[in-house]
Amino acid sequence: MPAHTTYDAAMRAALDEARLAPGSGDVPIGAVVLDAADSVIGRGHNIRERDGDPTGHAELVALREAAAVVGEWRLAGCTLVVTLEPCTMCAGAIVLARLDRLVFGAYDPKAGAVGSLWDVVRDRRLNHRPEVVGGVLAHECTALLDDFFAHQRLG
C-alpha cells in the first residue's frame, strides 16, 4: 500500500482542523499527532490571530496537546500530520520533539523548511531526523489555502 494512502484518513482529520481556523482570521492550516497505534492524541489549527501568539501554528498547538497526553515532551513513536509543509520554527520543534515521522500535504515554496527552501528535519548536523512523507492529499490541502487567500484578496 502506498504511504500516501496510509495517511489519507489522518490528513482528512488535519483538514477538518484547518477548517476551524478561518473563523478567527487565521490561515487554514491543521495538524494532528498520531501515537504508535495511529490514534489521534493531539489536534491543532492556526491560532496566531485569535490569540495574538506568533507561535500559534497548528503544528505547535498539536504537539503541545500530544505532549500533555503523553506526559512528556519526547514524542518518540508519534507521527505529526499537517496540511502544509512546516516552517523553520515548526520544523525545529518536530526535531526537538523526537517525532518518528512527519507527514504533510501541500508544499510551501515561500516558507517551507522540509525541502522547499530549507530542509531542517533532514539536516545531518542535528541529533534527530524523522521520516518525511510529503504531498499527501496535496490537492485538497492546496485548494483550502487557495480558497482562503482568494477570499482575502476580495475582502
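This text goes with the structure placed above it.
Analysis parameters
Residues numbered from 1 in each chain as written. Predicted model: local features only at pLDDT ≥ 70, side-chain atom pairs only at ≥ 80, totals over all residues. Heavy atoms only, no water. Salt bridge = Lys/Arg side-chain N within 4 Å of Asp/Glu carboxyl O. Buried < 20%, exposed > 50% of the residue type's maximum accessible area, 1.4 Å probe, protein only. Pairing = 2+ DSSP bridges. Helix = DSSP H or I, 4+ residues; strand = E, 2+ residues; numbered from the N terminus. Axes fitted to C-alpha atoms, helices over the stretch in contact; angles between N-to-C directions. Contact = heavy atoms within 4.5 Å. Core = buried A, V, L, I, M, F, W, Y, C linked by side-chain atoms within 4.5 Å. Parallel < 35°, antiparallel > 145°, perpendicular 65-115°, else oblique. Left-handed = near helix turned anticlockwise from the far one by under 90°. Nonpolar A, V, L, I, M, F, W, Y, C, P; charged D, E, K, R; others polar.

Draft legend 1. Fine view of the pattern of salt bridges. Applying the stated criterion to the full structure yields 6 salt bridges. When the shortest N-O distance is used, the salt bridge between Asp16 and Arg19 registers 3.1 Å. By relative accessible area, Asp16 is classed as partly exposed at 47%. Look at Arg19 and you get partly exposed, because its relative accessible area is 48%. The partner of Arg74 in a salt bridge is Glu72, and the shortest N-O contact between them spans 3.2 Å. The exposure class assigned to Glu72 is partly exposed, which follows from its relative accessible area of 36%.

Draft legend 2. View of the sheet that holds strand 3 (residues 79–84). One open sheet holds the 5 strands; their spatial order is 2-1-3-4-5, and the pairing between them is mixed. Single-partner strands in this sheet number two, and they are strand 2 (40–45) and strand 5 (131–133). Sheet twist, expressed as the average angle between the axes of neighbouring strands with direction ignored, equals 15 degrees. Inspection of the sheet shows strand 4 (residues 101–106) paired to strand 5 by 3 bridges, in the parallel sense. Within strand 5, the position partnered with Val103 by the bridge is Val133. Sheet contacts for helix 4 (residues 58–70): strand 1 (30–34), strand 2 and strand 3; angle to strand 2, the most-contacted strand, approximately 150 degrees.

Draft legend 3. Local environment of the nonpolar core. Core analysis: the biggest nonpolar cluster contains 48 residues, and Met11, Val33, Leu80, Val81 and Leu99 have the highest contact counts within it. Within the residue set of this core, elements represented by two or more residues are helix 2 (8–18), strand 1, helix 4, strand 3, helix 5 (88–96), strand 4, strand 5 and helix 6 (138–154). The element best represented in this core is helix 2, accounting for 6 residues. Once you skip the residues sitting within four places of it in the chain, Val33 turns out to touch Ser39, Val40, Ile41, Gly42, Ala62, Leu63, Ala66, Cys78, Thr79 and Leu80.

Draft legend 4. Structural view of the side chain of Glu59. Residue position: Glu59 is located in helix 4. In this structure, Glu59 is in contact with Ala31, Leu80, Val82, Leu84, Pro86 and Cys90, ignoring residues within four places of it in sequence.

Draft legend 5. The arrangement of the packing of helix 4 against helix 5 in detail. Between helix 4 and helix 5, the shortest axis-to-axis distance is 9 Å and the interhelical angle comes to 25 degrees. Taken together, the axis directions place helix 4 and helix 5 in an arrangement best described as roughly parallel. Judged by the sense of rotation from one axis to the other, the crossing of helix 4 with helix 5 is left-handed. In contact with Glu59, Leu60 and Leu63 of helix 4, helix 5 contributes Met89, Cys90 and Ala93. Counted by class, the contact of helix 4 with helix 5 contains 5 nonpolar, no polar and 1 charged residues.

Draft legend 6. Here's a closer look at the pairing of strand 1. Burial of strand 1 is extensive: 5 of the 5 residues sit out of reach of the surface. The side-chain alternation of strand 1 yields two buried faces, one formed by Gly30, Val32 and Leu34 and the other by Ala31 and Val33. Where strand 1 meets strand 2, 5 bridges bridge the pair, whose relative direction is antiparallel. Within the sheet, the bridge partner assigned to Gly30 lies in strand 2 and is His45. Once strand 1 ends, the chain turns through 5 residues before running back antiparallel as strand 2, passing Asp38 with a positive phi of about 65 degrees. Judged from the 4 bridges that link them, strand 1 and strand 3 form a sheet pairing that is antiparallel. The residue bridging Val33 from the neighbouring strand is Leu80, located in strand 3.

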